[in-house]
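Coordinate inspection notes
In case you want the letters, here they are:
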Amino acid sequence: MTNRQSCIPQTNLTRRAVLGLGTSVIAGLAGCSGSKTDEEEIDYDNLPNRSELAPDDNTHQPNIDGKKPAEWVEQRIDTSDTRWFYFSSACRPFGLVNLSPDTVTDGTWDAGYVYDREYVRCFSHVHAWQLAGIPVMPTTGEFKGHQGMDSYESRFNHDDEVVKPGYHRVELEAYDVTAELTSTTRVGVHRYTFPEDDESRVLFDTGADIGQSDVSYTEVQRVNDREIAGYSLLDSTLRRPKETPVFFVAQFSEPFNDFEGWKDGKQLDGDFDSIAGSDAGAAVRYDTSEGDSIIVKVGISYTSVEGARRNLEGEFSNSGFDEIQADAVAEWNQWLGRVEVSGGSDKQKTKFYTDLWHALQGRRIVSDIDGRYSDFTGSQRTVRRVELDSEGRPRYPHHQHDAWWGSQWNLNILWSIAYPRVMSSFCNSMVRMYKDGGLLPRGPSGGNYTYVMIGDQAVPFIAAAWHKGIRDFDIEAAYEGLRKNAFPGGIRDHAGYEHTDDARGGGMEYYIDQGYVPADIEAGGHHREGASMTLEYAYQDWCLAELADSLDHREDATQFRERAQNYRHLWDDDWKYMRPRNKDGSWLTPFHPFGEGNKTEDFTEANSAIYTNFVPHDVAGLAELFGSPEKYAERLDKAFREGKEYDFVPENKERASHPIDFGNQPGLHMAHLFNYIGQPWKTQRWVRQVKEEAYGNVSPYAGYHGDEDQGQIGALGVLMALGLFSVRGGAASNPIYDLTSCIFDEVTIRLDDDYYSGDTFTIRTTDNEPANQYIQSASLNGEVLDGPWFPHEELAAGGEIELELGPEPNKNWGGNIKDAPPSEQSNSD
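1. Notes on the overall build of the chain
Looking only at helices and strands, one finds 18 helices and 32 strands in the chain. For 829 residues, the compact-globule formula gives about 28 Å, and the C-alpha radius of gyration of the chain, at 27 Å, lands near that figure. Across its three principal axes, the chain shows a C-alpha extent of roughly 80 × 60 × 55 Å. For the chain, the residues scored as buried account for 66% of the 829 residues in total.

Okay, here's the thing in structure tokens:
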């Protein structure tokens with residue numbers, strides 16, 4: 001076939017100009033030109049095939065009771081109640097591409113791969129927070145691309161399905177096509193095995209609306225008879241305020257017979273090289289014999305077509321499908337094998353490694369293989385590049401992510417233990433976004449600030465990283481950005497999705513002047529619940545005080561430590577609950593500690609009964625307000641006894657009506673609070689029960705309760721299984737771990753020697769039977785451990801903890817309040 005070299009007609013220039021895309025979006029194709037972002041040269045031959053975040057010990061493939069770690073993973077757990085970004089199969093850790101089948105293509109909730117749906121509508125490459133893109137579908141017979149997914153979807157059967165980390169296979173019954181998927185970090189790889197048919201096609205429905213936003217425009221061009229390229233322009237959303245392009249280059253293992261397409265619901269006739277429009281797509285046609293396989297490699301980029309091609313050519317470009325798929329599984333074994341467990345039931349190991357898998361794939365890389373990324377913090381899109389190391393490689397991949405809301409109780413802890421390189425990469429990404437746009441982000445998407453949720457959750461994340469010795473990022477710039485966020489005009493001042501420059505929905509002026517954010521301020525945005533803001537700001541101020549102390553900003557430390565006590569301004573001593581206040585200082589009336597249905601009365605996705613416990617930095621001070629640790633423990637225990645009646649996770653429509661909710665972030669620490677008030681056996685009891693009843697299921701119908709925010713519930717499940725936690729999120733200048741009973745006989749955590757001096761940290765249990773959930777005694781490196789905590793420095797140096805378990809509480813172990821973990825009020829750290 002002739003190699004056509006004409007460019008796409010110069011249409012839609014206004015949209016391109018707004019995006020900063022120039023006059024030729026499909027630049028870099030034969031016969032087209034485009035401007036470069038800079039003149040730096042990259043040695044592409046030496047760029048990594050695997051993720052830049054991969055651990056160095058890439059030969060370590062542990063055996064976990066007869067299986068490799070990836071063999072224990074079951075990705076379909078709880079996929080009957082799912083979200084667009086929840087499910088991934090053919091992906092790499094934190095991959096820019098996460099290729100998988102879509103059975104529902106519209107919306108955020110109940111979208112993507114939904115288990116009980118009978119039809120595959122497409123295989124799309126991006127399932128990320130507020131981002132989607134490049135749906136592909138093989139078909140035979142009549143051309144149906146212009147009729148949409150309702151016409152060309154295909155029934156499939158779970159009995160014929162194979163799903164494992166890095167691989168997915170389904171049989172498309174409508175077309176007698178076997179579809180297999182795998183990927184590298186930035187490239188989706190498809191293998192379609194066709195029947196005999198002279199109308200076998202691969203559709204690229206790039207104009208279809210999928211996921212969380214509509215596609216407002218698309219362009220696709222034939223480059224030659226083995227390659228097409230183009231982009232989809234994702235429309236803005238409530239959260240991601242600017243249109244965002246997703247670019248692709250697709251290369252085929254065999255030359256195609258024809259390039260076809262459609263626009264505005266009509267199939268295009270004649271011979272053409274390009275397709276463009278708001279409702280358009282392309283297809284390539286083959287004349288196949290029985291058993292012919294076509295391999296399609298699709299490079300994805302958020303910067304340009306050139307970027308997509310560089311990604312495609314830089315990651316396993318000369319490898320076949322089987323080699324790439326085998327390497328994907330090996331890489332997952334490498335990552336999952338950082339934590340090795342033995343003992344426990346098969347169900348527990350399946351859930352454990354599935355939880356760990358979730359914690360390693362939800363918050364995506366968005367930079368190209370050469371470090372270029374798309375910055376939308378200004379009025380127009382700018383393509384930038386992360387810093388390069390001495391060998392000319394990107395120092396870290398740039399990321400996007402949903403809010404860190406609540407991550408102090410899951411990802412911050414897990415990543416800093418087993419994956420400090422990941423934590424470093426995210427710190428660098430947030431600092432880079434601060435340098436680009438002037439604010440440390442709260443949940444960036446597609447290079448945009450989104451202002452998702454409330455507060456400044458970057459504070460506990462960065463403080464935990466720094467205090468645990470993860471310091472290969474610009475801490476002074478980070479601190480500068482965090483300090484800015486803690487005053488009017490910073491990120492805290494933006495209520496949820498409040499995008500205006502003069503946003504004040506976060507109420508920082510009130511917080512500083514009055515010591516709380518009132519319930520009755522008038523502002524835009526969402527999640528404008530002042531009581532929750534007050535409590536979260538107070539914790540974040542404490543984290544910032546700890547960081548300021550470590551960096552010798554003493555005046556700041558004093559100021560933020562004083563502000564960290566602002567939680568006391570919401571304490572109503574008559575009710576013994578945190579209660580919202582109005583601007584004039586009066587209590588919000590009427591007041592109900594429990595909401596009705598989802599009505600929260602100034603609390604974000606929770607209620608006063610849950611948020612009253614949101615004083616993680618000063619549990620001792622909170623207990624003092626209750627009158628004594630014993631009185632506080634009585635309230636907590638009553639809440640958990642009630643929570644047990646509904647397996648600790650209320651129905652979605654009754655979230656605010658109950659005192660315990662392990663299906664959402666604000667109360668994820670509550671079972672561990674007993675450690676701080678002299679009753680650690682109750683932490684041991686309730687953590688075990690929450691782990692089993694709320695998170696223990698391994699079927700497609702339960703296990704995460706629908707709100708698995710990009711690995712957060714998975715990470716919490718891992719920590720509960722290990723018996724490690726940190727109520728204060730690891731943000732203290734001398735971070736610690738809270739201890740409870742481990743569900744396995746032995747756990748070995750392989751430490752990263754770039755950050756920690758030890759090789760491994762081991763947890764061993766004796767008499768670990770299902771009924772033996774209580775710690776009878778404990779030792780750390782052979783020394784008696786009297787209380788339910790130990791310092792991070794002991795873990796970082798390597799060593800082991802030994803736990804003797806039994807069926808009844810040993811109230812003498814850790815039962816003295818002086819053995820409780822440090823709390824701000826105790827000043828013991």
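2. Considerations on the packing of helix α6 (residues 411–418) against helix α7 (residues 420–437)
Remark: α6 packs on α7, axes separated minimally by 5 Å, with the N-to-C direction vectors making an angle of 120°. With respect to each other, α6 and α7 are oriented oblique. Note on element contacts: α7 touches α6 through Pro 420, Val 422, Met 423 and Phe 426, opposite Asn 412, Trp 415, Ser 416, Ile 417 and Ala 418. Among the residues forming the contact of α6 with α7, the class breakdown is seven nonpolar, two polar and no charged.

3. What to know about the pattern of salt bridges
Inspection of the entire model under this criterion finds 50 salt bridges. Note that Arg 421 is salt-bridged to Asp 752, the shortest N-O span being 3.6 Å. Residue Arg 421 is located in helix α7, and its partner Asp 752 is located in the loop between β27 (746–750) and β28 (760–766); the two are separated by 331 residues in the primary sequence. Exposure class is identical for Arg 421 and Asp 752. Each is buried. Arg 554 is the salt-bridge partner of Asp 549, the closest N and O atoms lying 2.9 Å from each other. What you see here is one network of salt bridges that share partners, running through Asp 375, Arg 384, Glu 387, Arg 432 and Asp 436.

4. A short note on the sheet that holds strand β10 (residues 187–193)
Sheet architecture is open: nine strands sit in the order β7-β8-β9-β10-β19-β14-β13-β12-β17, paired in antiparallel fashion. The open sheet has two edge strands with one neighbour each: β7 (162–164) and β17 (274–277). Sheet twist, expressed as the average angle between the axes of neighbouring strands with direction ignored, equals 15°. In this sheet, strand β8 (residues 167–172) lies alongside β7 in antiparallel orientation, the contact comprising three bridges. Paired with Val 162 across the bridge in β8 is Arg 169. The sheet strands contacting helix α3 (residues 305–314) are β10, β12 (215–224), β13 (227–234), β14 (244–252) and β19 (293–301), and the helix crosses β14 at an angle near 45°. The strands touched by helix α4 (residues 321–336) within the sheet are β7, β8, β9 (177–183), β10 and β19, with β9 carrying the most contacts at an inclination of about 50°.

5. A look at the pairing of strand β2 (residues 98–102)
In terms of burial, β2 is largely enclosed, as five of its five residues are buried. As defined by bridge partners, strand β1 (residues 90–91) adjoins β2 across two bridges and the pair is classed as antiparallel. Directly across from Ala 90, in β2, lies its bridge partner Leu 99. Linkage of β1 to β2, two consecutive antiparallel strands, is achieved through a turn of six residues, within which Phe 94 is found at a positive phi near 60°. The sheet contact formed by β2 and strand β4 (residues 122–128) spans three bridges and is antiparallel. When the bridges of β4 are listed, Pro 101 appears paired with Phe 123.

6. Here we look at the packing of aromatic side chains
On inspection of all chains with the given rule, the structure shows 44 aromatic pairs. Geometrically, the ring pair formed by Phe 487 and Phe 560 is tilted, given 5.9 Å between the ring centres and 55° between the ring planes. Highlighted residues: Phe 487 in the loop between α9 (475–485) and α10 (508–514) and Phe 560 in helix α12 (residues 554–563), separated in sequence by 73 residues. A centroid spacing of 6.1 Å and a plane angle of 75° characterise the contact between Phe 648 and Trp 686, whose relative ring orientation is edge-to-face.

7. Quick notes on the side chain of Gln 408
By secondary structure assignment, the location of Gln 408 is in the loop between β22 (382–385) and α6. On the basis of relative accessible area, Gln 408 is assigned to the buried category, the value being 4%. Those residues in contact with Gln 408, other than ones at most four positions away along the chain, are Ile 413, Pro 460, Tyr 539, Phe 614, Ser 726 and Gly 729.

8. Points about helix α8 (residues 458–467)
Of all the ten residues making up α8, ten are buried; the element is thus mostly covered by neighbouring parts of the structure. Listing the buried residues of α8 in full gives Ala 458, Val 459, Pro 460, Phe 461, Ile 462, Ala 463, Ala 464, Ala 465, Trp 466 and His 467. Structurally, α8 contributes buried residues whose contacts are with α6, α7, α9 and α11 (530–550).

9. Focus: the packing of α11 against α12
Between α11 and α12, the shortest axis-to-axis distance is 8 Å and the interhelical angle comes to 160°. In this view, α11 runs roughly antiparallel relative to α12, as classed from their interaxial angle. Both α11 and α12 take part in a crossing whose hand is left-handed. On the side of α11, the interface is formed by Ala 538, Asp 541, Trp 542, Leu 544, Ala 545, Glu 546, Ala 548 and Asp 549, while α12 contributes Arg 554, Asp 556, Ala 557, Phe 560, Arg 561 and Arg 563. In the contact of α11 with α12, the residues fall into seven nonpolar, no polar and seven charged.

10. With respect to the nonpolar core
Within the largest apolar cluster, 166 residues are counted, with the highest numbers of intra-cluster contacts made by Phe 352, Leu 356, Trp 415, Ile 462, Phe 640 and Phe 662. Among the elements that take part in this core, α11 stands out by supplying twelve residues, more than any other. In terms of nonpolar packing, the next biggest core, distinct from the first, is built from 59 residues, Met 149, Phe 156, Ile 228 and Phe 248 among them.

11. Some thoughts on the environment of Phe 252
The topology assignment puts Phe 252 in strand β14. Classification of Phe 252 by relative accessible area gives buried; the value is 5%. Measuring from C-alpha to C-alpha, the distance between Phe 252 and Ser 317 comes to 12 Å, with 65 residues separating the pair along the chain. Once residues within four sequence positions are removed from consideration, Phe 252 is found in contact with Phe 204, Arg 226, Glu 227, Ile 228, Val 284, Tyr 286, Ile 294, Ile 295 and Val 296.

12. Some remarks on the environment of Phe 272
Within the fold, Phe 272 resides in the loop between β16 (266–267) and β17. Under the relative-accessibility criterion, Phe 272 is labelled buried at 14%. A sequence separation of twelve residues divides Phe 272 from Glu 260, and the C-alpha atoms of the two residues are 8.0 Å apart.

13. Some thoughts on the confidence of the model for the chain
Per-residue pLDDT for the chain averages 92, and the proportion of residues at 70 or more is 93%. Counting interchain partners and residues more than four positions distant, the pLDDT-below-50 stretch residues 1–42 has 92 contacts.

About the thresholds
- Numbering of residues starts from 1 in each chain and follows the order in which that chain's sequence is written.
- Where totals are concerned, whole chains, interfaces and linings use all residues; where local detail is concerned, this predicted model gives features only for residues with pLDDT of at least 70, and gives and counts side-chain atom pairs only at 80 or more.
- To get the side-chain values, all heavy atoms of the structure are used, and hydrogens and water are removed first.
- Each helix corresponds to a stretch of at least 4 residues labelled H or I by DSSP, and each strand to a stretch of at least 2 residues labelled E; elements are numbered beginning at the N terminus.
- We compute the radius of gyration from the C-alpha atoms alone; for a globule the expected value is 2.2 Å times N to the 0.38, where N is the number of residues.
- Only protein chains enter the accessibility calculation, which uses a 1.4 Å probe; a residue whose area is less than 20% of its type maximum is buried, one above 50% is exposed, and one in between is partly exposed.
- Helix axes use the C-alpha atoms of the stretch in contact, all axes being lines fitted to C-alpha atoms, and the angles between their N-to-C directions lie in the range 0 to 180 degrees.
- Oblique is the label for every angle not falling under 35 degrees (roughly parallel), over 145 degrees (roughly antiparallel), or within 65 to 115 degrees (roughly perpendicular).
- Two residues form a contact once any of their heavy atoms are found within 4.5 Å.
- Charged means Asp, Glu, Lys or Arg here, nonpolar means Ala, Val, Leu, Ile, Met, Phe, Trp, Tyr, Cys or Pro, and polar covers whatever is left, Gly included.
- For this analysis, a salt bridge means a side-chain nitrogen from Lys or Arg found within 4 Å of a carboxyl oxygen belonging to Asp or Glu.
- When DSSP locates at least two bridges between a pair of strands, those strands are taken to pair.
- Any Phe, Tyr or Trp ring, taking Trp's six-membered ring, that has another such ring centre within 6.5 Å forms a pair; planes under 30 degrees apart are called stacked, those over 60 apart edge-to-face, and the others tilted.
- It is the rotation of the near helix from the far one that decides the hand of a crossing: anticlockwise by less than a right angle makes it left-handed, clockwise makes it right-handed.
- Take the buried Ala, Val, Leu, Ile, Met, Phe, Trp, Tyr and Cys residues and link them wherever side-chain atoms come within 4.5 Å; each set so joined is a nonpolar core.
- The pLDDT score gives, residue by residue, the confidence of the prediction method on a 0 to 100 scale.

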